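Coordinate analysis (summary)
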Amino acid sequence: MTKAYRRTGAAVLGGVAGSALLLSGGAAESGPAADAATARTASAERVKTSPHPGIVVSRDKDRESRAGAPDNFTGEVSIQPLYTGDENSEGASDVRFSARARTVWHTHPDGQRLIITEGTGWVQEWGKKRITVHQGDVIWIAPGVKHWHGATRDSAMAHTAITYAVDGTNVHWLEPVTDDQYLSGKRAQGAKGA
């Protein structure tokens, strides 16, 4: 069993609680998750919760989408955070790529999981051929693997990206994917880098 599978229980619940606090600015009513989350977000406002103890709801309308940073993406990309955890846990975002949009080459210190939720996209590991992915596909990218992902030239694509942080870092951004690398799908050559 990989590290990613072992973390999904408590880390997700802690991350969801922490995200709700960060995004809505407050603490849940009480309990261990609320206490830990409150310690991470001491200056936050009160979060709206359900009347059931231990349940925290992070509303879609409370999480603003933002454009992908031009240094990290090519083309039109929108990112909506879903949840974040502490400096050594997982976080997730919904990411939408317009046709031809993509990430730059990058790595993740503790891996990444992508769940394709709409459209058709491409993902490529450095030194290997590009892979076409479709709605419903789930991709695991191992720690330290140099890769990129995004939409195809003719189709938009959306995915949920789940990353795992190490000492507060969940990604190392590298150089842009050239148009030739993006369109050809051939094995990327050159210095392997992280």
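Residues numbered from 1 in each chain as written. Predicted model: local features only at pLDDT ≥ 70, side-chain atom pairs only at ≥ 80, totals over all residues. Heavy atoms only, no water.

This part covers the overall build of the protein. A count of helical and extended segments in the protein gives four helices and 12 strands. Burial statistics for the protein: of 194 residues in total, 42% are counted as buried. Counting only contacts in the protein whose residues sit at least 6 apart along the sequence, the fraction spanning at least 24 positions is 68%. Total accessible area on the protein is roughly 10,300 Å²; 53% of this is exposed by carbon and sulfur atoms. (Helix = DSSP H or I, 4+ residues; strand = E, 2+ residues; numbered from the N terminus. Buried < 20%, exposed > 50% of the residue type's maximum accessible area, 1.4 Å probe, protein only. Contact = heavy atoms within 4.5 Å. Areas by Shrake-Rupley, 256 points an atom, 1.4 Å probe, with all protein chains shown as cover.)

The next thing to look at is the confidence of the model for the protein. Scored by pLDDT, the protein has a mean of 78; 68% of the residues are at 70 or more. Per-residue pLDDT stays below 50 along residues 1-45; that stretch engages in 68 contacts with residues further than four places along the chain or on separate chains. (pLDDT = per-residue confidence, 0-100.)

Turning to the nonpolar core, a few remarks are in order. Grouped together as the largest cluster of nonpolar side chains are 16 residues, with contacts concentrated most on Val77, Phe97, Ile139 and Ile141. Counting only elements with at least two residues in this core, the list comes to strand 3 (77-83), strand 4 (90-97), strand 7 (112-125), strand 9 (138-141) and strand 11 (157-164). Sort the elements by how many residues they give to this core and strand 7 lands first, with three residues. When near neighbours in sequence (up to four residues on either side) are disregarded, isoleucine 139 contacts Gln112, Arg113, Leu114, Ile116 and Val133. Counting six residues, the second largest nonpolar core, distinct from the first, contains Trp122, Trp148, Val177 and Tyr182. (Core = buried A, V, L, I, M, F, W, Y, C linked by side-chain atoms within 4.5 Å.)

The buried count for strand 3 comes to six of seven residues, which makes it a mostly enclosed element. Alignment of strand 1 (residues 66-67) against strand 3, held across two bridges, turns out to be antiparallel. Looking at the pairing, alanine 67 lines up with serine 78 of strand 3. Where strand 3 meets strand 4, six bridges bridge the pair, whose relative direction is antiparallel. Paired with serine 78 across the two strands is arginine 96, which belongs to strand 4. (Pairing = 2+ DSSP bridges.)

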